[in-house]
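Coordinate analysis (summary)
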Amino acid sequence: IFAGQTLDIPLSTDPETFAVTDLNCNGTLERVRLIPDPTRLAGEPQRYAALTVENTDARGLYQTTASTLAGIGPAALTNPVLLPAGPCWFLIGAELSGGGFRVYHLAGNTLEIALDAPGELVSLGEPAIPYMIQLQTFTQTGPPTGTTCTRTLATYVWSVPRFDLQSQTTEPADCTK
């Protein structure tokens, strides 16, 4: 296997259509499909091992133009969301089942990571800053059996082609969350 080589891997489960929209203002609809993690056990929350984007061609047929391996098990994607990033631009965000948040954007025929950061999602946008993501992390500061933590709130703002850290605050918190 070498860089740029196509590798065909049969899917053990059918992809799920997540969204059909114009992701990148090119006037054509893209279909975002999620490929379930084949290692997920019955009763576990849904998680996805891969993400694909398919374009419509002149005949209205979908062709895969971009895909990314999200990971299996702890690195798999969960709780996907479609994020507006302009008048007709959309980004694809998802929590990582092992912790963290990742955002992809379509650049030509490639899905690129626009944000890969630790923490859990707190909010997506607000009227003053519509293209903003806030993530929080908790760090235990006292003894292992204690409830003393610090909460770090990180705010990221969309700055094409990625999210940049705008601010970060830390405050005491209760670990019993």
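Residues numbered from 1 in each chain as written. Predicted model: local features only at pLDDT ≥ 70, side-chain atom pairs only at ≥ 80, totals over all residues. Heavy atoms only, no water.

Description of the overall build of the protein
Our working rule: Starting at the N terminus, helices and strands are each numbered in turn, a helix being any DSSP run of H or I of at least four residues and a strand any DSSP run of E of at least two. Any two residues having at least one pair of non-hydrogen atoms within 4.5 Å are treated as being in contact. To measure how exposed things are, a 1.4 Å probe is used in the Shrake-Rupley method; for residues, cover is taken only from the protein chains shown.
Along its length, the protein carries zero helices and twelve strands. Its helices and strands taken in sequence order, the protein reads β-β-β-β-β-β-β-β-β-β-β-β from the N to the C terminus. Restricting the contact set of the protein to residue pairs at least 6 apart, pairs at least 24 apart contribute 33%. Element-wise, carbon and sulfur atoms account for 55% of the exposed surface of the protein, whose accessible area totals about 9,900 Å².

Side note on the pairing of strand β6 (residues 90-96)
In summary, the side chains of a regular strand alternate between the two faces of the sheet. What counts, and what does not: The buried label applies to any residue whose accessible area, calculated with a 1.4 Å probe on protein chains only, is under 20% of its type's maximum; exposed applies above 50%, and partly exposed to all values in between. At least two bridges found by DSSP between two strands are what make those strands a pair.
Buried residues dominate β6, accounting for five of its seven residues. Sheet topology note: the strand β5 (residues 77-84)/β6 ladder contains six bridges and is antiparallel. From the neighbouring strand, L83 faces β6, where its bridge partner is L91. Hairpin remark: β5 followed by β6, antiparallel, with five residues in the connecting loop; positive phi at G86, about 155°. The sheet contact formed by β6 and strand β7 (residues 101-107) spans four bridges and is antiparallel. Pairing of A94 across the sheet is with R102, part of β7. In this structure, the hairpin formed by β6 and β7 is closed by a connection of four residues, where G99 is found at a positive phi of approximately 110°.

Looking at the packing of aromatic side chains
Selection criterion: For Phe, Tyr and Trp, rings pair up if their centres lie within 6.5 Å, where Trp contributes its six-membered ring, and each pair is then called stacked (planes under 30 degrees apart), edge-to-face (over 60) or tilted (otherwise).
Tallied over the entire structure, the rule returns one aromatic pair. Plain terms: the ring middles of W158 and F163 are 5.2 Å apart, the flat faces sit at 55° to each other, and that makes the pair tilted. Since its relative accessible area comes to 13%, W158 is described here as buried. We classify F163 as buried; its relative accessible area is 8%.

Regarding the pattern of salt bridges
Rules: For this analysis, a salt bridge means a side-chain nitrogen from Lys or Arg found within 4 Å of a carboxyl oxygen belonging to Asp or Glu.
Across all of its chains, the model carries seven salt bridges by this definition. Residue E54 is joined to R33 by a salt bridge in which the shortest nitrogen-to-oxygen separation is 3.9 Å. On the criterion of sequence distance, the pair formed by E54 in strand β3 (residues 48-56) and R33 in strand β2 (residues 30-36) is long-range, its members being 21 residues apart. A salt bridge links E44 to R47; its shortest N-O distance comes to 3.1 Å. Owing to a relative accessible area of 28%, E44 belongs among the partly exposed residues under this scheme. Accessibility expressed as a relative area gives 13% for R47, which makes it buried. One salt-bridge network, held together by shared partners, links R31, R33 and E54.

What about the sheet that holds strand β9 (residues 120-124)?
For clarity, the cut-off: Axis definition: a line fitted to C-alpha atoms, over the contacting stretch in the case of helices. Angles run 0 to 180 degrees between N-to-C directions.
Spatial ordering of the open sheet is given by β9-β10-β11-β12, a layout of four strands whose pairing is antiparallel. This sheet does not close on itself; its edge strands, each paired only once, are β9 and β12 (162-174). For this sheet, the mean inter-axis angle between neighbouring strands, taken without regard to orientation, is 25°. Relative to strand β11 (residues 148-159), strand β10 (residues 132-140) runs antiparallel, the two sharing nine bridges. When the sheet's bridge partners are listed, M132 is paired in β11 with V157.

Things to note about the side chain of T155
Within the secondary structure, T155 is located in strand β11. T155 sits in the buried class, given a relative accessible area of 5%. Excluding anything up to four places from it in sequence, T155 contacts M132, I133, Q134, D164, L165, Q166 and S167.

It is worth stressing that arrangement in space is one thing and function is another; only the former is reported here.
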